[in-house]
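# Examination of the molecular architecture
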Amino acid sequence: MKTFFSIVSIQTNPISTEKVVMGVLAITKNEIYFDYSKSKLGLLDKLAPAKIGIGIMAKNTLQQIKQKVAEENKALIKGQTKLQFEKSIFSKDYISYLNKYNNGILHFSEPASLPFDFTAEKFAQYYNNFVGEIAPVEAKKEIVTFAKKIKPAFEKEGLDEKADLKFTFEPFTFNGILKETHIPLITKNGAISAIQTVDFSLGEQTVVHHLYETLIIQKALNVFAEKAKTTVKKIKIAFEEPAQGTLQHDLFDLSIKNYKDDFDFITPDILEKETEMISNSNNIKFSEFLLTLES
């Protein structure tokens, strides 16, 4: 997706069609940029005395746009996928619509495309060029992804001595496995137990594939446990609930409904307790148990 940007202005003189550039709107694949001049906004009533109340009306409209941009960016951060972005109202067509239809206050220029990756620095440059002011820089909060959130749980001291981390199921060893398949953690203490992770913020096909793969692993372990004269627990799936009202949450709800009897779904805080308990247990690695079957 290209970057499209539009210049936001206000006509202060209906006779000379004189306009004051107020802000810049830029739409990219991963983020929407928008800001406007607070200082120029405060001078509107003086610049356009014929338009009574133009300052208040413009302020309300600009604030509404800024709030909507913030909401869209928040959704994009949580989704980070095309699946989520397609629900956004911000697009080239939307800017074209704003260009043709305006409330008599704000004017949006016809969207122009940029042939390079757009960044916050580029936006600041364009804002300065067109608005004539330095764009206010907002400090961004660090995005804590699901992968980053659960990483400490698998780094517990002694955990790698009690469980296999990133274990690989070989197709010639486990019935039902057609290719090398991986799972983050598997261990044994009487029964075989394993932990899977599913990031519901990823694309639909990726999540569905991951769940199907985990179901195959569960079935393969059930068959294996019966032959090895042992037992296996339901695989625990670590997850984080997606934002309400998103397509990812719809998929999450469907997954819980369809697989609640096949897996135990656990949140990151429960995952942390599970791996801590394994680290301090008498568990053995699953791979070590496999070696006992060969002897």
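The preceding data block contains the structure.
Structure report, in brief.

About the cut-offs
- Residues numbered from 1 in each chain as written.
- Predicted model: local features only at pLDDT ≥ 70, side-chain atom pairs only at ≥ 80, totals over all residues.
- Heavy atoms only, no water.
- Buried < 20%, exposed > 50% of the residue type's maximum accessible area, 1.4 Å probe, protein only.
- Helix = DSSP H or I, 4+ residues; strand = E, 2+ residues; numbered from the N terminus.
- Pairing = 2+ DSSP bridges.
- Polar contact = N/O pair within 3.5 Å; in protein donor to acceptor, adjacent residues only side chain to side chain.
- Contact = heavy atoms within 4.5 Å.
- Axes fitted to C-alpha atoms, helices over the stretch in contact; angles between N-to-C directions.
- Parallel < 35°, antiparallel > 145°, perpendicular 65-115°, else oblique.
- Left-handed = near helix turned anticlockwise from the far one by under 90°.
- Nonpolar A, V, L, I, M, F, W, Y, C, P; charged D, E, K, R; others polar.
- Core = buried A, V, L, I, M, F, W, Y, C linked by side-chain atoms within 4.5 Å.
- Phe/Tyr/Trp six-rings, centres within 6.5 Å; stacked < 30°, edge-to-face > 60°.
- Lys NZ or Arg CZ within 6 Å of the ring centre and 35° of its normal.
- Salt bridge = Lys/Arg side-chain N within 4 Å of Asp/Glu carboxyl O.
- Expected span 1.5 Å × (residues − 1).

### Topic: the pairing of strand 2 (residues 18-27)
Counting buried positions along strand 2 yields seven of 10 residues, so the element is predominantly enclosed. Sheet topology places strand 2 next to strand 3 (residues 32-36); five bridges connect them, and they run antiparallel. Its bridge partner being in strand 3, Leu25 is matched across the sheet by Phe34. In textbook terms, the turn of a hairpin is the stretch between consecutive antiparallel strands, and for strand 2 and strand 3 this stretch comprises four residues.

### Examining the side chain of Lys40
Along the chain, Lys40 turns up in helix 1 (residues 38-47). Engagement of the side chain of Lys40 in a polar contact is seen with the backbone oxygen of Val21, the distance being 2.9 Å. When neighbours within four sequence positions are excluded, Lys40 is seen to be in contact with Val20, Val21, Met22, Val131 and Glu133.

### A closer look at the packing of helix 8 (residues 204-227) against helix 9 (residues 247-259)
Remark: helix 8 packs on helix 9, axes separated minimally by 11 Å, with the N-to-C direction vectors making an angle of 15°. It follows that helix 8 is roughly parallel to helix 9 by the angle criterion. The two elements helix 8 and helix 9 meet at a crossing, and its hand is right-handed. For the pair formed by helix 8 and helix 9, the contact residues are Glu204, Val207, Val208, Leu211, Tyr212 and Leu215 on the first element and Leu251, Ser255 and Tyr259 on the second. Grouping the amino acids of the contact of helix 8 with helix 9 by side-chain chemistry returns seven nonpolar, one polar and one charged.

### Let's talk about the nonpolar core
Formed by 29 residues in total, the largest nonpolar core has its most connected members in Phe169, Phe174, Ile186 and Phe286. Broken down by secondary-structure element, the contributors of at least two residues to this core are strand 6 (164-169), strand 7 (181-189), strand 8 (191-197), helix 8, helix 9 and helix 11 (286-294). Tallying contributions element by element places helix 8 first for this core, with seven residues. Not counting residues up to four positions away in its chain, the partners in contact with Phe174 are Phe167, Phe169, Ala220, Phe224, Phe286 and Leu290. With 16 residues, the next largest nonpolar core counts Val8, Val20, Ile27 and Tyr36 among its residues.

### Regarding the packing of aromatic side chains
Tallied over the entire structure, the rule returns 20 aromatic pairs. Plain terms: the ring middles of Phe167 and Phe174 are 6.5 Å apart, the flat faces sit at 85° to each other, and that makes the pair edge-to-face. An aromatic cluster of three or more residues is present, and its members are Phe167, Phe169, Phe174, Phe224, Phe286 and Phe289. Over the aromatic face of Tyr36 sits the side chain of Lys38, whose NZ or CZ is 4.3 Å from the ring centroid. We note Lys188 situated over the ring of Phe289; from NZ or CZ to the ring centre the distance is 4.5 Å.

### As for the pattern of salt bridges
For the structure on display, the rule yields eight salt bridges. In this structure, Asp35 and Lys66 form a salt bridge, with 3.5 Å as the shortest nitrogen-oxygen distance. Within this pair, whereas Asp35 is found in strand 3, its partner Lys66 is found in helix 2 (residues 54-79), the two being separated by 31 residues in sequence. Taking relative accessible area as the criterion, Asp35 reaches 5% and is therefore assigned buried. The salt bridge involving Glu155 is made with Lys151; its shortest N-O contact spans 2.5 Å. Glu155 gets classed as exposed once you look at its relative accessible area, which sits at 51%. What makes Lys151 partly exposed here is its relative accessible area of 48%. In this structure, a network of salt bridges that share partners links the residues Asp35, Lys38 and Lys66.

### Some details on unusual backbone geometry
Positive phi is not limited to glycine here, since Lys166 has a value of about 60°. Not every positive phi belongs to a glycine, and Lys229 is a case in point at roughly 55°. You can see Lys229 is positioned in the loop between helix 8 and strand 9 (231-232). With relative accessibility at 77%, the residue Lys229 sits in the exposed group.

### Observations concerning helix 8
Taking 1.5 Å of rise per residue, 24 residues should cover 34 Å, and helix 8 covers 35 Å from first to last C-alpha, within 8% of that figure. For helix 8, the full list of buried residues reads Val207, Leu211, Glu213, Thr214, Leu215, Ile217, Gln218, Ala220, Leu221, Phe224 and Ala225. Lys229 sits one or two positions beyond helix 8 and adopts a positive phi of about 55°.

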